[in-house]
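Observations on the three-dimensional arrangement
Here is how the chains run, residue by residue.
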There are 2 protein chains.
Amino acid sequence: MMFIKSNASDFSEKFEELLGRGKMDIAHVSAIVGNIIEEIKTQKNAALIQHITKFDNWTPSSDDELKISTESMSKAYDNLDTKLKSALHLAYDRIKLYHEKQKPKSWFDTEENGTILGQKVTAVDSAGLYIPGGKAAYPSSLLMNVIPAQVAGVENIVVCTPTPDNEPNELLLAACHLCGVTQVFKVGGASAIAAMAYGTENIPKVDVITGPGNIFVATAKKMVFGDVNIDMIAGPSEIGILADDSANANHLAIDLLSQAEHDEMASSILITPSQKLADEVKVELENWLLKLPRQEIARKSIEERGAIIVTADMDEAIKLMNDIAPEHLEVATVSPFDLLPFIKHAGAIFLGHNTPEAIGDYVAGPNHTLPTGGTAKFYSPLGVEDFMKKSSIISFSQKAINEIGQECALIANTEGLTAHEQSVRVRLTK
Amino acid sequence: MMFIKSNASDFSEKFEELLGRGKMDIAHVSAIVGNIIEEIKTQKNAALIQHITKFDNWTPSSDDELKISTESMSKAYDNLDTKLKSALHLAYDRIKLYHEKQKPKSWFDTEENGTILGQKVTAVDSAGLYIPGGKAAYPSSLLMNVIPAQVAGVENIVVCTPTPDNEPNELLLAACHLCGVTQVFKVGGASAIAAMAYGTENIPKVDVITGPGNIFVATAKKMVFGDVNIDMIAGPSEIGILADDSANANHLAIDLLSQAEHDEMASSILITPSQKLADEVKVELENWLLKLPRQEIARKSIEERGAIIVTADMDEAIKLMNDIAPEHLEVATVSPFDLLPFIKHAGAIFLGHNTPEAIGDYVAGPNHTLPTGGTAKFYSPLGVEDFMKKSSIISFSQKAINEIGQECALIANTEGLTAHEQSVRVRLTK
């Protein structure tokens, strides 16, 4: 673990390492993924079936077998433990409520000369959601991708998830039923992304593809971008914590580990002006690690990619955290909202001592699909808007075009576009 | 030109051609663009200077020479014809006013148990705008890219534009001064995109890159996507027109040509239930073509990529137009707002007989950077939001986490993530 003061002589160099975290070198998988996409484009399900045989260790005997039956989903739902069912419903309701609040509205404005200008916001026709499968199949990922698409009003929602050994994750099936998703295909990896981007015999071509995945999935999403829209290209999970002496070191340690347990490549970074807190958290990390079933993963992540940085003051801590632009940012200070105006870059901001990052992964309401690797400097959390798009609305009256038509025609003429110019001039009545 | 009835036996086949319009085959330039990006990444300005020598036919003698002086911009502005100056100011003011209306706001909502949830919307730190140069240097493109970035509140705005023979386009320089842009570099093509994505000795690395360009620029934007955000991958311009008998055939013909004159690859498509109108527009197209300085380009575009489709009724016309999802859509009917609810996919919608597409290119206010090639099914016009990003805001009270913490911990446990579970449990007081 990097345990360092910001005034150390080698700090800049070490900090650069943190800034370079989570960079995925997609170059070395590009050729493989390019071939996979080409195979799906040309051979469709025949290629899918070959890929499933190779990667998931079973062979669908027909196109129909690629699809999960709605009966198996409703059965999985019925078999859910009562408490878990109710917890998932709580999550569903809260996530839906939050996303409804962020749904953009069409708008327009008028001018007294008869002009109407605005934007019409409409849902895309279809969305494809990629949900990782096997052991890392998280029902929460399904909720977080399906709900914004539903709130947007997407008519046609398709889910792809790999099912190694043809054994779908029962929890994921139950979550599909809970969300009312009916088109779920047993297809994973880059093949799934290509299938949704270009369509196959029974997997519909979609307009937008979202959802997490490994480097093959991320690379495929980048490659099909332009033919469809995508949410973002996400890497390993990460947490940044800004804290002062008011924070509980034991709590911060388990918060750091909640990201570290995801993935050996995850990054957990505490920045604080308090040397005392830094020392305590370091000790608590070890205490907690010994208790975790996923200790091995979490330890490797913390040792290789964890960092505790002690700064001169909170201003410096915030500045460094803005440079890092973490996926998750906890602000564990005595009055966290005081710092909010100065926090520029983070996927999600968790304010105060009662707001662990994990509450945002499941039930708080906001989306848990967030920009990683510093991309919070320009990407947003997954949201309803990812499943909608806008059209400009322009309506001119005779009076309105008479008022500004000459200026329009002059600029068009200056740019050498006389058909543009004439299309305005023919409509002028004075 | 395709001149066809929708009930013709070969209609489906022909219509497929229209749906496939504007597809750019970026595969064959990927290797070249990949090399250019790699050279800029590793050799920075040294590589830029080589590329400028090769493509723009002059050789900068120092890094400083890559930059256009603010003096030359203010001089170009002073030299502007008075009427043109005032037209550009009108355009600037109207574009700014429209974009201010679309600026998203941070928001939050509270719950009685002490929960606060919301989204903080902030500008990206820096934006790089690519503006094509030479003869196709359009000052309107500069306005349409700069203004949304300025309205978003981007602090650091960088412009790259190629200057063949080291001769910057004076109109573009004047527009830079008018907009108050100061960092303008004489760099074009894929090199410019790479320079803004990764930074050089004096060109800052940016967070978001927008702006039109040829296939090399489009490919470079796709390749750097993920390291920066980009607006969209745009192809040749296009116009679709829905019209009934109330439309003026002469006006529609020049509107179709206003896209055709851009580019031989542009598409101009009229869909109408009126055979009479279709026949008249066909005649008017020829009349107008003979009068256009850019006749050669426009004729090739219309002949090879233009279409007039006569449908059974307006419902069918709208359905076909939604499939096409044109960049620009004119609705030239007697009561165009009646059709608006049924128009699902278009970059910009121009309603009524007094609203030629060209008015939206310059002075109406909405952005003229719009999704092409059917991507209006999932992309939006360039806007203020392209230069902003969101952070989720989550703040829980002790009471709030007590209320839903158990459910959160249960889901985390079910997903096998016990550090997540514990990070919630340690905070529960009941």
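This one's a predicted model, so the numbers in the text were calculated from it and none came from an experiment.

Before going further, it helps to examine the overall build of chain A. Across its full length, chain A holds 15 helices and 14 strands. Expressed along its principal axes, the backbone C-alpha trace of chain A runs to roughly 80 × 60 × 45 Å. Relative to all contacts within chain A whose residues are 6 or more apart in sequence, the contacts with residues 24 or more apart total 74%. Within the structure as shown, chain A displays about 15,600 Å² of accessible surface, and the carbon and sulfur contribution to it stands at 50%. Of the side chains in chain A, 38 bear a positive and 57 a negative charge, and the two mean positions are spaced by 4 Å.

Right, let's get into the UniProt feature "binding site: Zn(2+)" (unreviewed entry) in chain A. Look at the UniProt record and you will see "binding site: Zn(2+)" (unreviewed entry) annotated at A:Q259, A:H262, A:D361 and A:H420. These residues run over 162 residues, and the two farthest C-alpha atoms among them are 56.3 Å apart, placing them at more than one spot. Within the secondary structure, A:H262 is located in the loop between helix 9 (249-260) and strand 10 (267-272). When you line up the elements, A:D361 lands in helix 13 (residues 357-362). Excluding residues that lie within four positions of it along the chain, A:D361 makes contacts with A:S140, A:M144, A:Q259, A:H328, A:H368 and B:H420.

Right, let's talk about the domain arrangement of chain A for a bit. Interface size is often expressed as the accessible area that is lost when the parts come together. All names here are of chain A. Under the domain assignment, chain A is made up of domain 1 (2-24 + 235-364), domain 2 (27-230) and domain 3 (396-425). Computed from C-alpha coordinates alone, the two centres of domain 2 and domain 3 are separated by 46 Å. Tallying the contact residues gives four residues for domain 2 and five residues for domain 3. When domain 2 packs against domain 3, close to 350 Å² is buried across both sides, 50% of that on carbon and sulfur atoms. Connecting domain 2 to domain 3 are zero salt bridges. Along the contact surface separating domain 2 from domain 3 lie two residue pairs in polar contact (both at pLDDT 80 or more).

Before going further, it helps to examine unusual backbone geometry. Among all residues except glycine, the phi angle is most often negative; among peptide bonds, the trans geometry is most common. Unlike most non-glycine residues, A:N57 shows phi in positive territory, near 70 degrees. Checked against the element boundaries, A:N57 lands in the loop between helix 2 (27-55) and helix 3 (70-78). Located in the positive-phi region is B:A325, a residue other than glycine, with phi close to 50 degrees. We classify B:A325 as buried; its relative accessible area is 0%.

The next point concerns the UniProt feature "binding site: substrate" (unreviewed entry) in chain A. Summarizing the sequence annotation, UniProt attributes the feature "binding site: substrate" (unreviewed entry) to A:S237, A:Q259, A:H262, A:H328, A:D361, A:E415 and A:H420 in the numbering used throughout. Judged by maximum C-alpha separation, these annotated positions cover 184 residues in sequence and are scattered in space, the widest gap reaching 56.3 Å. Here A:Q259 shows up in helix 9. A:Q259 gets classed as buried once you look at its relative accessible area, which sits at 0%. With near-sequence residues (within four places) excluded, A:Q259 lies in contact with A:S237, A:E238, A:I239, A:A266, A:S267, A:S268, A:E327, A:H328, A:E357, A:D361 and B:H420. A polar contact is formed between the side chain of A:Q259 and the side chain of A:S237, at a distance of 2.3 Å. The class for A:H262 is partly exposed, based on a relative accessible area of 25%. Leaving out residues up to four positions away in the same chain, A:H262 has contacts with A:Y138, A:S237, A:R294, A:I297, B:L417 and B:H420.

Attention shifts here to the packing of helix 4 (residues 82-101) of chain A against helix 5 (residues 139-152) of chain A. Axis angle and axis distance: for two packed helices, these are the angle between their axes and the distance between the axes, and together they describe the pair. Residues and elements named next belong to chain A. Two numbers describe how helix 4 lies on helix 5: the axes approach to 9 Å, and their chain directions differ by 45 degrees. Judged by the angle between their axes, helix 4 and helix 5 are oblique. Classified by chirality, the crossing of helix 5 by helix 4 is right-handed. For the pair helix 4 and helix 5, the contacting residues are L88, A91, Y92, I95, K96, H99 and E100 in the first and L143, M144, I147, P148, Q150 and V151 in the second.

A word on the side chain of B:N45. All names here are of chain B. Tracing the chain through its elements places N45 in helix 2 (residues 27-56). Among the polar contacts made by the side chain of N45, one reaches the side chain of N202 at a distance of 2.8 Å. Residues contacting N45, with those up to four places away along its chain left out, are D63, L66, T200, E201 and N202.

Right, let's get into the relation of the copies chain A and chain B. The two chain copies are related to each other by a rotation about an axis together with a translation along it. Aligned on chain B, chain A shows an RMSD of 0.0 Å; the corresponding rotation is 180 degrees and the shift along the axis is 0.0 Å. In the structure described here, the two chain copies are related by an operation that fits a two-fold rotation axis. Residue A:K222 of chain A places its C-alpha closer to the rotation axis than any other residue of that unit, at 3.9 Å. The fraction of interface residues of chain A whose copies in chain B are also interface residues reaches 99%, indicating that both copies meet through the same surface.

Tallying each qualifying case throughout the model produces ten cavities of 30 Å³ or more. Roughly 860 Å³ of volume is contained in the largest cavity. A:N229, A:E385, A:D386, B:E385 and B:D386 are the residues nearest the centre of the largest cavity, which is lined by 45 residues in total. A breakdown of the residues in the lining of the largest cavity according to their chemical character gives 24 nonpolar, eleven polar and ten charged. Computed from the structure, the second largest cavity encloses a volume of approximately 100 Å³. The wall of the second largest cavity is formed by A:W107, A:D109, A:T110, A:E111, A:L117, B:R94, B:L97, B:Y98, B:K101 and B:A364. Where the lining of the second largest cavity is concerned, the elements lending two or more residues are strand 2 (107-110) of chain A together with helix 4 (82-101) of chain B. The element that contributes the greatest number of residues to the lining of the second largest cavity is helix 4 of chain B, accounting for four residues. Residues that form the lining of the second largest cavity fall into these classes: five nonpolar, one polar and four charged.

Let us now look at the packing of aromatic side chains. Per the counting criterion, the structure on display carries nine aromatic pairs over all chains. For the pair B:F378 and B:Y379, a centre-to-centre distance of 4.8 Å together with 70 degrees between the ring planes defines the contact as edge-to-face. Through a chain of ring-to-ring contacts, the aromatic side chains of A:F225, A:F378, A:Y379, B:F225, B:F378 and B:Y379 assemble into a single cluster. The residue whose ring lies beneath B:K41 is B:Y198, and the NZ or CZ to ring-centre distance is 4.5 Å. The positively charged end of B:K85 is found above the aromatic ring belonging to B:Y77, 4.6 Å away from the centroid.

Note on placement: A:S423 falls in helix 15 (residues 418-425). Take A:S423: its relative accessible area is 1%, and that puts it in the buried class. When near neighbours in sequence (up to four residues on either side) are disregarded, A:S423 contacts B:I254, B:D255, B:S258, B:P356 and B:A358.

What follows covers the environment of A:A358. One can find A:A358 in helix 13. Take A:A358: its relative accessible area is 1%, and that puts it in the buried class.

With that out of the way, let us pick up the environment of A:S268. Residue and element names in this part refer to chain A. When you line up the elements, S268 lands in strand 10. By relative accessible area, which is 2% here, S268 ends up buried. Beyond its immediate stretch of four places on either side in the chain, S268 contacts I239, L256, Q259, A260, I302, R305, G306 and A307. Separated by 2.9 Å, the side chain of S268 and the backbone oxygen of L256 make a polar contact.

Thresholds, definitions, all that
Residues numbered from 1 in each chain as written. Chains lettered and ligands numbered in written order. Predicted model: local features only at pLDDT ≥ 70, side-chain atom pairs only at ≥ 80, totals over all residues. Heavy atoms only, no water. Helix = DSSP H or I, 4+ residues; strand = E, 2+ residues; numbered from the N terminus. Contact = heavy atoms within 4.5 Å. Areas by Shrake-Rupley, 256 points an atom, 1.4 Å probe, with all protein chains shown as cover. Lys, Arg positive; Asp, Glu negative; His and termini not counted. Charge placed at Lys NZ, Arg CZ, Asp CG, Glu CD. UniProt positions renumbered as here; feature names shortened; annotations may be inferred. Domains from an automatic or database assignment. Buried area = accessible area lost by both parts, 1.4 Å probe. Salt bridge = Lys/Arg side-chain N within 4 Å of Asp/Glu carboxyl O. Polar contact = N/O pair within 3.5 Å; in protein donor to acceptor, adjacent residues only side chain to side chain. Buried < 20%, exposed > 50% of the residue type's maximum accessible area, 1.4 Å probe, protein only. Axes fitted to C-alpha atoms, helices over the stretch in contact; angles between N-to-C directions. Parallel < 35°, antiparallel > 145°, perpendicular 65-115°, else oblique. Left-handed = near helix turned anticlockwise from the far one by under 90°. Least-squares fit on C-alpha atoms with pLDDT ≥ 70 in both. 1 Å grid on protein atoms, 1.4 Å probe; cavity = no way out; pocket = protein on both sides within 12 Å on 5 of 7 lines; lining within 4 Å. Points joined across faces, edges and corners; volume = space filled by probe spheres on them. Nonpolar A, V, L, I, M, F, W, Y, C, P; charged D, E, K, R; others polar. Phe/Tyr/Trp six-rings, centres within 6.5 Å; stacked < 30°, edge-to-face > 60°. Lys NZ or Arg CZ within 6 Å of the ring centre and 35° of its normal.

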